[in-house]
Amino acid sequence: MSTIFYSSLKSLYQRQRWLLMVFVAVLTEIAARGYQDFGFDNEARGLFRTNDAAFDKLEEIFKQFRPDENDCLVVIEAGEGGFFNASSMRELRQLQQQLLQIPLITSVLSPLSPEMIVCKELPQALIPAVALDAVDWQQVQRDAHQHPLVAGNFLAADGKHMLLILRMGKQDLLVSDYETSVGSMLGVIDRWNTTASHVADLTGIPPVRVEVFHSIKTDTRHLMMIGSIIGGLVSICVFRNWALALMTFVGALTGGFWSLGLLSLLGVKLNLISTILPVLIVVIGLTDAVHIVFDIRDSRMRGIKPVRASWLAVRRLGIACAGTSITTAIGFGSLAFSQIDVIRQFGITCAVGTLITFVAVILVVPLLAGTAWVGGAYRGNPPRERDMMRRWGVQYADWILRHRRWILLGSLLFISLLAVTATRLYPDSHISESLPINSRSTVALQKIDSEFGGILSAIILVEWQRASDEAEQQAAVMSAIKQVATEVHREPDLHNPMSIVNFREMFSSCTLLTLPQTIEAQWFREDLGRAIVVARMRDKGIHFHQQMLIGFREQLAKVQQQHSGMEITVSGSAVVATRNLSKMITDLAKSLAIAAAVIFVVLTLMFRSLRMGLVSLVPNLLPLLFTAAFLVWTGQALRLTSVLLFTVSLGIAVDDTIHFIVRYLRERKLGLSVDDAIRNSIVSVGGALLVSTLILLAGFSASATSVMPHSQLFSQLACIAVVVALIGDMVLLPAILKLVDGK
């Protein structure tokens, strides 16, 4: 059966190459159609969407009250004269009126809003709209700092910062829905800043998401281009032959192009996490392409013609490349066990992309190598330093074999140290990780965090069953809401609670006015038996928020015990995201363990040896544990990016291990001793491993030019992981092979 298969395959690669060319052309044409329509996912809550009760309750709260993520925040820093004077108020009212004219903006809440009233002899606006020059502005400033709604929520305690909340209705909006409106807000603010005596900045969840969305679109193509250029230059420098470098890169780039195009036709879109997908797929394809090109080069140096050299490379390395792609796909596929939709999609798309790239590399590289204008351009001249590199390789192999016991002992102690250190990792995530460094939203977010308690919100939901005595029940409900607000004030990391109590307090002293139903319904729904209290949280990370919310929920439980028939729970986008992102990182860690187990089984079956399965797994623990320990040593937490990197590094490290062991087993089948087999493997495969590592470093280093912090972190950790993986395969693996196979 295998003879028939190899005979058919040989015929395709040598005598019927035109069939492969037609297949490549057709697939490229199909992929091109999908690539043109390649899109980006702009669903706001897609990153932490789950099918559980907590997420369902969050969406229910949004429908009954309003989303906590549709508000844009304008933070204004006072000029030299402060806010409370006639000219400043004219400027601020002009800004508010211009912002109100922008599509989607339904209302603007600020100290100047008509809802902000004070009751003296008669009800009046906190900030007068007319006769500004006759106003006692010192009294207005005192009233503002004592106002139940304005103080702390819209005017900072120092009086130097003011907040405008731009509301975009109750509907569930996509980023594309408000992208234009956010651009208009920025335009209005920029024009206002040129003439006003104050400085305004825009932030909030919608502007942050728009900025991230724009960065994703520009970063994806930018990183792919930069990575390709750097990797191409490195390939030319290493091979010192344009034809060999072209074979290597065209195969990998074709795989990336096919993957993006075909995945697009299947409806897949890029999101914040999958921005690394294009670079990742190309880099993975490069590892196999380098090994194939090295084999083709060796055949050409022995005088074998291009077409036959390309077929021999496929025959010798086809199974190894298939094995590396399958194990890498398994590593990504393990993410399918995550309960977070976006992570599950990332794992599946990366797995599919890896397999598509394998097909591209195993077809395109040999086809190019067999052509007269590419494959024929390399004349088979051996590199000038070939003999010197071979001598160095033999000397290095001899050194490893002589010192294998010390290497194994040192590695065992080092891996143990890394494992102990890695246990100190904990999951964490910040909004600022997703924002371009020093962007406008980042600067404004820092001001909101400092002066107004943060842009994140916790929604405390108070629920009750309707009773016959409505007056008594409402009094009990208001008492519970006040107690919740008191607990928020007591919690140092929750700020500025806002509820129906604030509005009723504002209207309570005004006998001639009643609270409008439209305002009350945003905070208190007697018909549903529900009310909400909204508190602000600073961007201190999900690890901090989790610990804080545990204690806060315990205090709310005590409040609930004092009010029978009521249920008090904590929700909100930030709270649910904190829970789900932490769960996401934990899921990824579990998926990594599953991937390692499945890869071990696959390698055991591939090599038909339990011993070789174990041998192949040990060196691949080194880059994972070293990266984890590096995070601890540098004071970093286990973030989403770093866990994704672990999955990537496992796949890449296993790739190199497979190529080394396949070559080692081939040498052993030829009758060579263990020592000679190790020497030949280091000499023949070591060069390919070194070159692929250099190209991987070049490709991953492209992400260091990203404006996104999570992409920069991925670049840093990826470069560390591939270098440590090379050390594991070139130092630890030969020593282990000598130990287990030496007898």
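So, here is what we can say about the structure in this document. Please read these numbers as outputs of a predicted model, since none were measured by experiment.

With that out of the way, let us pick up the overall build of the chain. Helices and strands together make up the secondary structure of the chain, namely 23 helices and eleven strands. Projected onto the principal axes, the alpha-carbon positions of the chain cover approximately 105 × 50 × 45 Å. Contacts in the chain between residues far apart in sequence, at least 24 positions, make up 81% of those at least 6 positions apart. Charge separation in the chain, taken as the distance between the mean sites of 65 positive and 60 negative side-chain charges, equals 16 Å.

All right, on to the side chain of Q96 then. Relative to the assigned elements, Q96 resides in helix 4 (residues 86-100). The class of Q96 is buried, set by a relative accessible area of 8%. Apart from residues lying up to four places away in sequence, Q96 is in contact with V108, S110, L112, S113 and L164.

Let us look at the nonpolar core. Counting 109 residues, the largest nonpolar core has L166, M185 and I481 as its most contacted members. In contact with L166, not counting residues within four places along its chain, are N70, D71, C72, V74, L99, I105, S107, V108, M185 and L202. Within the second largest apolar cluster, 85 residues are counted, among which are F607, L622, V643 and M730.

The next thing to look at is empty space enclosed by the protein. In total, this model carries seven cavities of 30 Å³ or more according to the counting rule given. The calculated volume of the second largest cavity comes to roughly 360 Å³. Lining the second largest cavity we find 23 residues, and of these R66, D71, S457, V534 and R536 sit closest to its centre. Of all the elements in the fold, those that place two or more residues in the lining of the second largest cavity are strand 1 (71-77), strand 5 (161-167), strand 7 (456-464), strand 8 (495-498) and strand 10 (530-537). For the lining of the second largest cavity, the class distribution of residues is 13 nonpolar, five polar and five charged.

Of the volumes computed, that of the second largest pocket is approximately 670 Å³. Considering the residues around the second largest pocket, the lining is formed by 13 residues, among which R316, I319, V662, R666 and K669 are closest to the centre. When contributions to the lining of the second largest pocket are tallied by element, the ones reaching two or more residues are helix 10 (306-333), helix 19 (573-607) and helix 21 (640-669).

Next up on the list: the pairing of strand 10. Among the eight residues that make up strand 10, eight are buried, leaving the element largely enclosed by the rest of the structure. Neither face of strand 10 is open: one carries R530, I532, V534 and R536, the other A531, V533, A535 and M537, and all of them are buried. As judged from the eight bridges shared by strand 7 and strand 10, these two strands associate in the antiparallel manner. The residue bridging I460 from the neighbouring strand is V533, located in strand 10. Where strand 8 meets strand 10, two bridges bridge the pair, whose relative direction is antiparallel. Residue M498 lies in a different strand from strand 10, and its bridge partner there is V534. Pairing between strand 9 (residues 524-525) and strand 10: two bridges, direction antiparallel. Within the sheet, the bridge partner assigned to R525 lies in strand 10 and is R530. The loop that links strand 9 with its antiparallel partner strand 10 comprises four residues; one of these, G529, has a positive phi angle of about 70°.

Moving on, we get to helix 16 (residues 500-508). For helix 16, every residue scored as buried is listed here: I500, V501, N502, F503, M506 and F507. Against the buried residues of helix 16 lie strand 3 (117-119), helix 15 (470-490), strand 8, helix 17 (517-520) and strand 9.

A cluster of basic residues, K10, R15, R308 and R315, forms a positive patch at the surface. The topology assignment puts R15 in the loop between helix 1 (2-14) and helix 2 (17-36).

Our next topic: the pattern of salt bridges. Under the defined criterion, the tally for this structure stands at 15 salt bridges. Among the ionic pairs, E77 bridges to K447, the shortest N-O distance being 3.3 Å. Taken together, the residues span a long stretch of sequence, with E77 in strand 1 and K447 in helix 14 (residues 440-452) at a distance of 370 residues. Judged by its relative accessible area of 33%, E77 falls in the partly exposed class. By relative accessible area, K447 is classed as buried at 19%. Note that R504 and E520 form a salt bridge whose closest N and O atoms lie 3.6 Å from each other. Of the two residues, R504 is situated in helix 16 and E520 in helix 17; the sequence distance between them amounts to 16 residues. The class of R504 is partly exposed, set by a relative accessible area of 22%.

Counted by the stated rule, this structure contains six aromatic pairs. Arranged with centres 5.1 Å apart and planes meeting at 40°, the rings of Y35 and F257 form a pair that is tilted. In this pair, Y35 sits in helix 2 while F257 sits in helix 8 (residues 242-265), placing the two residues 222 residues apart along the sequence. Residue class for Y35 comes out partly exposed when judged on its relative accessible area of 31%. An aromatic cluster of three or more residues is present, and its members are F414, F626 and W633. Directly above the aromatic system of F524 lies the positively charged group of R504, at a separation of 5.1 Å from the ring centroid.

On the surface, a nonpolar cluster with roughly 540 Å² of combined accessible area is contributed by W18, L19, V22, V26, I30 and L265. Among the elements that make up the nonpolar patch, the one with the highest residue count is helix 2 (five residues). Structurally, V26 can be placed in helix 2.

For L104, which is not glycine, the phi torsion reads 80° and is therefore positive. Here L104 lies in the loop between helix 4 and strand 2 (107-109). Looking at L104, the relative accessible area reads 28%, which means it is partly exposed. Even without glycine at this site, N496 takes up a positive phi of about 50°. Here N496 is to be found in strand 8. Assessed through its relative accessible area of 22%, N496 is described here as partly exposed.

What follows is about the sheet that holds strand 1. Spatially, four strands are ordered 2-5-1-6 in an open sheet, and the strand pairing comes out antiparallel. This sheet does not close on itself; its edge strands, each paired only once, are strand 2 and strand 6 (199-204). Adjacent strand axes in the sheet meet at a mean angle of 25°, parallel and antiparallel pairs treated alike. Sheet topology places strand 1 next to strand 5; seven bridges connect them, and they run antiparallel. Residue pairing for strand 5: V75 is matched across the bridge by L163. Most of the contacts of helix 14 go to strand 6, to which it runs at about 90°, and overall it touches strand 1, strand 5 and strand 6.

Attention now moves to the environment of G159. Among the secondary structure elements, G159 is positioned in the loop between helix 5 (137-146) and strand 5. A relative accessible area of 11% places G159 in the buried class. A sequence separation of 102 residues divides G159 from K57, and the C-alpha atoms of the two residues are 37 Å apart. In contact with G159, not counting residues within four places along its chain, are F83 and H145.

Cut-offs used in this document
Residues numbered from 1 in each chain as written. Predicted model: local features only at pLDDT ≥ 70, side-chain atom pairs only at ≥ 80, totals over all residues. Heavy atoms only, no water. Helix = DSSP H or I, 4+ residues; strand = E, 2+ residues; numbered from the N terminus. Contact = heavy atoms within 4.5 Å. Lys, Arg positive; Asp, Glu negative; His and termini not counted. Charge placed at Lys NZ, Arg CZ, Asp CG, Glu CD. Buried < 20%, exposed > 50% of the residue type's maximum accessible area, 1.4 Å probe, protein only. Core = buried A, V, L, I, M, F, W, Y, C linked by side-chain atoms within 4.5 Å. 1 Å grid on protein atoms, 1.4 Å probe; cavity = no way out; pocket = protein on both sides within 12 Å on 5 of 7 lines; lining within 4 Å. Points joined across faces, edges and corners; volume = space filled by probe spheres on them. Nonpolar A, V, L, I, M, F, W, Y, C, P; charged D, E, K, R; others polar. Pairing = 2+ DSSP bridges. Patch = residues over 30% accessible without salt bridge, like charges linked within 9 Å, V, L, I, M, F, W, Y side chains within 5 Å. Areas by Shrake-Rupley, 256 points an atom, 1.4 Å probe, with all protein chains shown as cover. Salt bridge = Lys/Arg side-chain N within 4 Å of Asp/Glu carboxyl O. Phe/Tyr/Trp six-rings, centres within 6.5 Å; stacked < 30°, edge-to-face > 60°. Lys NZ or Arg CZ within 6 Å of the ring centre and 35° of its normal. Axes fitted to C-alpha atoms, helices over the stretch in contact; angles between N-to-C directions.

Take it as geometry only, folks, not as evidence of what the structure does.
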